[in-house]
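# Results of the structural survey
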Amino acid sequence: MAAVVRVPFRGDRARTPAGIEDEEARALVAGAASAAAADVEAPPAVTPDPTAAAFFDCDNTMMMGASLFWFARGLAARKYFTGRDVASFVWQQAKFRVAGSESAIDVHAVRDNALAFIAGKTVTEIVDAGEEIYDELMADRIWSGTRLLAQQHLAAGQRVWLVTATPVELASVIARRLGLTGALGTVSEIVDGVYTGRLVGELMHHEAKAQAVLALSEREGLDLSRCTAYSDSSNDLPMLSMVGTAVAVNPDSELKAVARSRGWDVKDFRTGRKAARIGVPTLGAAAVGGGAVSGLIALRRRNRWPF
């Protein structure tokens, strides 16, 4: 029997359990923590369908580019840190994308420092800034086609969650602005209302997303065979494969091939434009291809960043 992993609580002594280095275990912890932190609202004012729901990836699925990048850029404009810090953040996430060729120590460092840019900030100030940054940098980047898909689920009485690597507090801002039920996001350690910059478990990425959806479905009594998941990235195959209906939205080449082989619906709202032209590097998303990573490496070596 597999060992039971205790989920860290958020508060004065919130910590990732010591010794959890196994990726599957970290994903389990991250998923359970994200589900526990997710906002849950009553079903919409239509005939409720309480056992069916929809799960939407955010970056390049619901929104053009990476929500966390735009958030970091908005914080830089408010002098929370410099533009070079934002560039360093993008560099870290590019390395996360090609983790298979990096050392285990380096991969762990990227993961552990993923949310270091909010360390020392209070939850209140980050959430308040997130509200403003959404209006300034994100609202106009929402794909209208994807938003319509979410509204169709709500109109059918189903609940709709955003599932993203963005911190759950910011993810909840985005979900609320879109009229969704809530969000599953990366859970950050908080002590006395202040972010430590450390993660609880893992980034809400890859297997962690599937674990979060599973934990939420068990808590809310959802029938996953009646649920739908949407994503642009092959990194989300664990989440897409666990529901009854999977939809590839603005898919990368690998996800597009998988979708075709499995008979999944494919929707592309990019009107012929390449993802690289409309987005920015996402947290581990396939939009950061080898060329983009190589470009970042070259810029880094020449000490010239694109922002």
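Okay, so let's go over this structure. (Residues numbered from 1 in each chain as written. Predicted model: local features only at pLDDT ≥ 70, side-chain atom pairs only at ≥ 80, totals over all residues. Heavy atoms only, no water.)

Position of leucine 222 relative to the elements: it lies in the loop between α8 (207–220) and β6 (228–231). In this structure the C-alpha to C-alpha distance between leucine 222 and alanine 53, which are 169 residues apart in sequence, comes to 7.2 Å. If near-sequence neighbours (up to four positions away) are discounted, leucine 222 is found in contact with Pro50, Thr51, Ala52, Ala53, Phe55, Arg159, Trp161, Ser217 and Cys227. (Helix = DSSP H or I, 4+ residues; strand = E, 2+ residues; numbered from the N terminus. Contact = heavy atoms within 4.5 Å.)

This part takes up unusual backbone geometry. One non-glycine residue, aspartate 192, lies in positive phi territory at about 55°. Position of aspartate 192 relative to the elements: it lies in the loop between β4 (188–191) and β5 (194–199). Among the residues examined, aspartate 192 registers a relative accessible area of 62% and is labelled exposed. Even without a glycine there, the phi angle at asparagine 250 is positive, about 50°. If you trace the backbone, asparagine 250 turns up in the loop between β7 (245–249) and α10 (253–262). The exposure class of asparagine 250 is buried, given its relative accessible area of 3%. (Buried < 20%, exposed > 50% of the residue type's maximum accessible area, 1.4 Å probe, protein only.)

Moving on to the nonpolar core. Counting residues in hydrophobic clusters, the biggest one holds 44 residues, and the most contacted among them are Phe56, Phe71, Leu75, Phe117, Met138 and Ile174. Elements supplying a minimum of two residues to this core: β1 (53–57), α2 (67–77), α5 (123–138), α6 (144–155), β2 (159–167), α7 (168–177), β5 and β7. When sequence neighbours within four positions are dropped, the list of residues in contact with leucine 75 reads Tyr80, Phe81, Phe117, Ile118, Ile126, Ala129 and Ile133. Among the nonpolar cores identified, the runner-up in size contains 28 residues, and Met204, Leu216, Ala229 and Leu240 belong to it. (Core = buried A, V, L, I, M, F, W, Y, C linked by side-chain atoms within 4.5 Å.)

What follows is about the pattern of salt bridges. Side chains that carry opposite charge are capable of pairing whenever their charged atoms lie near each other. For the structure shown, the criterion picks out 14 salt bridges. Among the ionic pairs, glutamate 202 bridges to arginine 26, the shortest N-O distance being 3.0 Å. Here glutamate 202, found in the loop between β5 and α8, pairs with arginine 26, found in helix α1 (residues 23–37); they are 176 residues apart in sequence, far enough to count as distant. With a relative accessible area of 9%, glutamate 202 lands in the buried category. Its relative accessible area of 7% is what places arginine 26 among the buried residues. Notably, a salt bridge pairs glutamate 131 with arginine 177, separated by 2.9 Å at the nearest N-O pair. Of this pair, glutamate 131 sits in helix α5 while arginine 177 sits in helix α7, and the two are 46 residues apart along the sequence. In this structure arginine 177 comes out as partly exposed when scored by relative accessible area, which is 30%. What you see here is one network of salt bridges that share partners, running through Glu131, Asp135, Arg176 and Arg177. (Salt bridge = Lys/Arg side-chain N within 4 Å of Asp/Glu carboxyl O.)

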